[in-house]
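Okay, here's what each chain looks like letter by letter:
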Amino acid sequence: SAASWFAANPIHCLRSKYIHKHDPPCDYLQPGKEYLLRTNPDIGCYFEEPEVEGEDYNTSPMAQVMSVRSVSDLTNMFACKRQPSKPSLPSVRDEDTR
């Protein structure tokens, strides 16, 4: 787990960097940014996250939309078959006016 007392304690991280001058120092844990933590077994920082594979933006649905050259291309891309509309029933007001 990335969360340890050392990485979650900002004073410990500052002390690691400026007083003890560890290389690399104990990095401060920010939730959602665990991938930024550096390992240093000498000071007890063992967390290591594998590198994430990048996304290919050329094959994404948004890339297809961005490559549209005209409104008709966009209309054809998102075309839906419309169901025939049902005839509407007369309302009570229509009957009152007769």
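In case you missed it, the structure is sitting above this.
Residues numbered from 1 in each chain as written. Predicted model: local features only at pLDDT ≥ 70, side-chain atom pairs only at ≥ 80, totals over all residues. Heavy atoms only, no water.

1. Thoughts on the overall build of the protein
Cut-off, in case you're wondering: Helix and strand assignments follow DSSP, with helices taken as H or I runs no shorter than four residues and strands as E runs no shorter than two, numbered in order from the N terminus. Under the scheme applied here, a residue whose accessible area is under 20% of the maximum for its type counts as buried, over 50% as exposed, and between as partly exposed, the area being computed with a 1.4 Å probe on protein chains only. Contacts were defined at the residue level, with two residues in contact if any of their heavy atoms lie within 4.5 Å.
Scanning the protein from N- to C-terminus turns up five helices and zero strands. Ordered by position from the N terminus, the helices and strands of the protein form the series α-α-α-α-α. Relative to its 98 residues, the protein shows a buried fraction of 16%. A separation threshold of at least 6 residues defines the contact pool for the protein, and within that pool the share at least 24 residues apart is 12%.

2. Concerning the environment of Pro31
Locating Pro31 in the fold gives a position in the loop between helix 2 (10–19) and helix 3 (61–66). As for Pro31 and Ala3, which are separated by 28 residues in sequence, their C-alpha atoms are 8.8 Å apart.

3. Describing helix 2
What counts is decided by this rule: By construction, the arc corresponds to the directions joining the helix axis to the C-beta atoms.
Along helix 2, the residues classified as buried are His12, Cys13 and Ser16. Projected down its long axis, helix 2 carries its buried residues within an arc of 100 degrees, all on one side. Exposed residues pointing more than 90 degrees away from the buried face of helix 2 are listed as Ile11, Tyr18 and Ile19. On its buried face, helix 2 sits against helix 1 (5–8).

4. Focus: the packing of aromatic side chains
Definition in use: Any two of the Phe, Tyr and Trp rings considered here, Trp counted by its six-membered ring, make a pair once their centres fall within 6.5 Å; the pair's planes then place it as stacked at under 30 degrees, edge-to-face at over 60, or tilted in between.
Following the criterion strictly, the structure yields one aromatic pair and no others. Ring geometry for Trp5 against Phe6: centres 5.4 Å apart, planes inclined by 85 degrees, an arrangement best described as edge-to-face.

5. Comments concerning the side chain of His12
Relative to the elements of secondary structure, His12 occurs in helix 2. Relative accessible area serves as the criterion here: at 16%, His12 is assigned to the buried category.

6. Concerning the pattern of salt bridges
Heads up, the condition is: The salt bridge definition used is simple: a Lys or Arg side-chain nitrogen within 4 Å of an Asp or Glu carboxyl oxygen.
Applying the stated criterion across every chain, the model contains one salt bridge. The residue Asp27 makes a salt bridge to Arg38 at a minimum N-O spacing of 2.7 Å. Pair noted here: Asp27 is in the loop between helix 2 and helix 3 and Arg38 is in the loop between helix 2 and helix 3, with a separation of eleven residues, a long-range link. In this structure Arg38 comes out as partly exposed when scored by relative accessible area, which is 43%.

7. Concerning a nonpolar patch on the surface
Stated formally: Patch membership needs two things, relative accessible area over 30% and no salt bridge, and members are linked within 9 Å if like-charged or within 5 Å if nonpolar (Val, Leu, Ile, Met, Phe, Trp, Tyr). Each accessible area value is a Shrake-Rupley result obtained with a 1.4 Å probe; residue values ignore everything except the protein chains displayed when judging cover.
Where nonpolar side chains cluster on the molecular surface, the patch consists of Ile11, Leu14, Tyr18 and Ile19 and spans about 450 Å² of accessible area. Topologically, Ile19 is positioned in helix 2. You can call Ile19 exposed: its relative accessible area is 62%.

8. Observations concerning the environment of Leu37
Inspection of the secondary structure assignment puts Leu37 in the loop between helix 2 and helix 3. With a relative accessible area of 13%, Leu37 lands in the buried category. Between the alpha carbons of Leu37 and Glu49 there is a distance of 8.4 Å; along the sequence they are twelve residues apart. In this structure Leu37 touches Ala2, Asp27, Tyr28, Leu29 and Phe47, once residues within four positions along its chain are discounted.

So, to be careful, I would describe these as geometric facts and stop short of saying anything about function.
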